[in-house]
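These are the residues of each chain, in order.
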Amino acid sequence: MVTATRALFMLFGATGDLAKRKLYPSIFNLYKKGYIDQEHFALIGTGRREWSDDKFHEVIVESVKDNAESEDEAKGFASHFYYMSHDVTNPEHYDALSEYANKLDDKYDIQGNRIFYISMAPNFFGTVAKNLKAHNCLSDNGGFNRLIIEKPFGRDYESAEELNNALGKSFNENQVYRIDHYLGKEMVQNILALRFGNPLIEGIWNNKYIKNVQVTLAEKLGVEERAGYYDGAGALRDMIQNHTMQMLSILTMEDPVSFKDVDVRSEKIRALRSMRIYSPDGVRENFVRGQYGKNGDQADYRHEDNVPENSNTETYVAGKVMFDNQRWANVPFYIRTGKMLADKFTRIDIVFKKPLIDIFAASGKQEGDLQNNVLTLFVDPVNKVILHLNGKKAGQGMEMQPLDLTHVQSDAEKAATPEPYERLIHDAILGDATNFASWDEVGRAWKFADVIRNVWDHDQPAFPNYTPGSMGPKAADELLARDGNEWIKK
């Protein structure tokens, strides 16, 4: 059943691209579907620009027009939005913000429920949080106060811990919601349903039956207009430390006591604590980095706009992750991500072991080996599940052939599936932190990534080392070949 919640949003970074593309349409969908109480809702947008409320409303209407049934519906939604020109470093501006918030709380009878959304660079997170509390922007009349923040959460463990400590002076951990939009994707959430809703699956979800697991986050495009940010981050910080680590924690966690945020997050943390942190030599042996070169009219990474010609920033990462616990001992989890690859997709391949004895080959009635069973979960661009089995080929004898069991999300299911930001904002409104990254998860992921980063910062790479349109450096294939494995998606 739909539960309508009263809420006052304060959005820092209201004039930014993310707000226009993702946040306003997501909040509008929640408003339209009745998850946000249409009579008891308001949003204060802040930014450096000198906008009027009317200008702000124009931006909102333009942002949500594709989702609105009429212009009047879009304008009705936009009428709940208010704009304040705001310098987040000026304490006096928070006094005006507090006064305005109290005024809107009374006008819309919101009862003190406040959501603070910081869609800005992370160096402002602590400043905003500190001033929100110091200048009485948090409600104290029985409503909730929740803080939503975007990635990146720090550049390494030290900076992330400093940031977390700064937030902790104003908000408790259970009030902080760290967005990782991959946790809002339908298939990522479906991992939990497939695992813990099916004894058939969970019963073989261990090292007795699974040979290896492969997680791929491939991008077809290069850095484009993000070069200024990307060259200071690289694929390790941009994709591995957050999105990939979160998917690994869901794949490797133990059964939670219940499907409550505290129980789910507890098991994810426990899984990440068992993740092996490599020595420098272990990094060199188990991780590969790459940078794309030139291909026809496509410039190599070092000649993209705003990229230094001597840049050693990686645009590709592949690695082997090991978990030292009873369930996953000796099972390699291969991960890879990169730009300028053959296509754009995210998928997870669970590769199962072959039978100990191939009775068909042993009897001389079959040519060739049985294939590994593979469970493939397609996260993007479509939601699809394929189970690759071995079956009998029609005709005389016992010749085997691949047999695929496939489920593809229907058009009706796709239409009913919320976008990740819509789903996650709704969870924050309800106070459900299941699909948000806790500090313990973020901190453990940084400790893992920092060891790799430190090695790469001291070793000189041989860049460029892969061609745009390929699936990355040859060394990534060799990484698996050393274990007698290969990428399922070539």
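Note that the structure is a prediction, hence the values are computed from the model and not measured.

Counting secondary structure elements, the protein chain contains 17 helices and 14 strands. Here the protein chain has a C-alpha radius of gyration of 25 Å; the compact-globule value for 490 residues is 23 Å, and the two agree. In terms of overall dimensions, the protein chain has a C-alpha envelope of 80 × 55 × 45 Å along the principal axes. For the protein chain, the share of sequence-separated contacts (at least 6 apart) that also reach a separation of at least 24 residues comes to 75%. Of the roughly 22600 Å² of accessible surface on the protein chain, 48% is carried by carbon and sulfur atoms. If you average the places of the 59 positive and of the 72 negative side-chain charges in the protein chain, the two averages end up 5 Å apart.

With mixed pairing, the eight strands of this open sheet are ordered in space as S8-S9-S10-S7-S11-S12-S13-S14. Only two strands of the sheet have a single partner each, and these edge strands are strand S8 (287–290) and strand S14 (400–408). Taking the axes of each pair of neighbouring strands and ignoring which way they run, one obtains an average angle of 15° across the sheet. When strand S13 (residues 384–392) meets S14, the two strands line up antiparallel, connected through nine bridges.

To continue, consider the packing of helix H1 (residues 17–33) against helix H3 (residues 71–78). Helix-helix packing is characterised by the crossing angle of the two axes and by the distance between the axes. Contact geometry for H1 and H3: axes closest at 11 Å, N-to-C directions at 100°. Compared by their axis directions, H1 and H3 come out roughly perpendicular. In this structure, H1 contributes Tyr24, Ile27, Phe28, Tyr31 and Lys32 to the contact, and H3 contributes Glu73, Gly76 and Phe77. Grouping the constituent residues of the contact of H1 with H3 by class yields five nonpolar, one polar and two charged.

Our next topic: the pattern of salt bridges. By the definition in use, this model includes 28 salt bridges. Of the charged contacts in the structure, one is a salt bridge between Lys339 and Glu219, with a shortest N-O distance of 3.2 Å. With Lys339 in the loop between strand S10 (333–338) and strand S11 (345–352) and Glu219 in the loop between strand S7 (210–218) and helix H9 (227–230), this pair connects stretches of sequence that are 120 residues apart. Each member of the pair, Lys339 as well as Glu219, carries the same accessibility label: buried. What you see here is one network of salt bridges that share partners, running through Arg195, Glu202, Glu254, Asp255 and Arg327.

Within this structure, the stated rule accounts for 30 aromatic pairs. With a centroid separation of 6.4 Å and 65° between ring planes, the pair formed by Tyr230 and Tyr301 is classed as edge-to-face. Of this pair, Tyr230 sits in helix H9 while Tyr301 sits in the loop between S8 and strand S9 (316–321), and the two are 71 residues apart along the sequence. Since its relative accessible area comes to 1%, Tyr230 is described here as buried. Linked through ring pairs, Phe9, Tyr24, Phe28, Tyr31, Phe41, Trp51, Phe56, Phe77, Phe81 and Tyr83 together constitute an aromatic cluster. The ring of Phe378 is capped by Lys384, whose NZ or CZ atom sits 4.7 Å from the centre of that ring. Just above the ring of Phe345 sits the side chain of Lys489; from NZ or CZ to the centre is 5.5 Å.

How each quantity is defined
- Residues numbered from 1 in each chain as written.
- Predicted model: local features only at pLDDT ≥ 70, side-chain atom pairs only at ≥ 80, totals over all residues.
- Heavy atoms only, no water.
- Helix = DSSP H or I, 4+ residues; strand = E, 2+ residues; numbered from the N terminus.
- Rg over C-alpha atoms; globule rule 2.2 N^0.38 Å.
- Contact = heavy atoms within 4.5 Å.
- Areas by Shrake-Rupley, 256 points an atom, 1.4 Å probe, with all protein chains shown as cover.
- Lys, Arg positive; Asp, Glu negative; His and termini not counted.
- Charge placed at Lys NZ, Arg CZ, Asp CG, Glu CD.
- Pairing = 2+ DSSP bridges.
- Axes fitted to C-alpha atoms, helices over the stretch in contact; angles between N-to-C directions.
- Parallel < 35°, antiparallel > 145°, perpendicular 65-115°, else oblique.
- Nonpolar A, V, L, I, M, F, W, Y, C, P; charged D, E, K, R; others polar.
- Salt bridge = Lys/Arg side-chain N within 4 Å of Asp/Glu carboxyl O.
- Buried < 20%, exposed > 50% of the residue type's maximum accessible area, 1.4 Å probe, protein only.
- Phe/Tyr/Trp six-rings, centres within 6.5 Å; stacked < 30°, edge-to-face > 60°.
- Lys NZ or Arg CZ within 6 Å of the ring centre and 35° of its normal.

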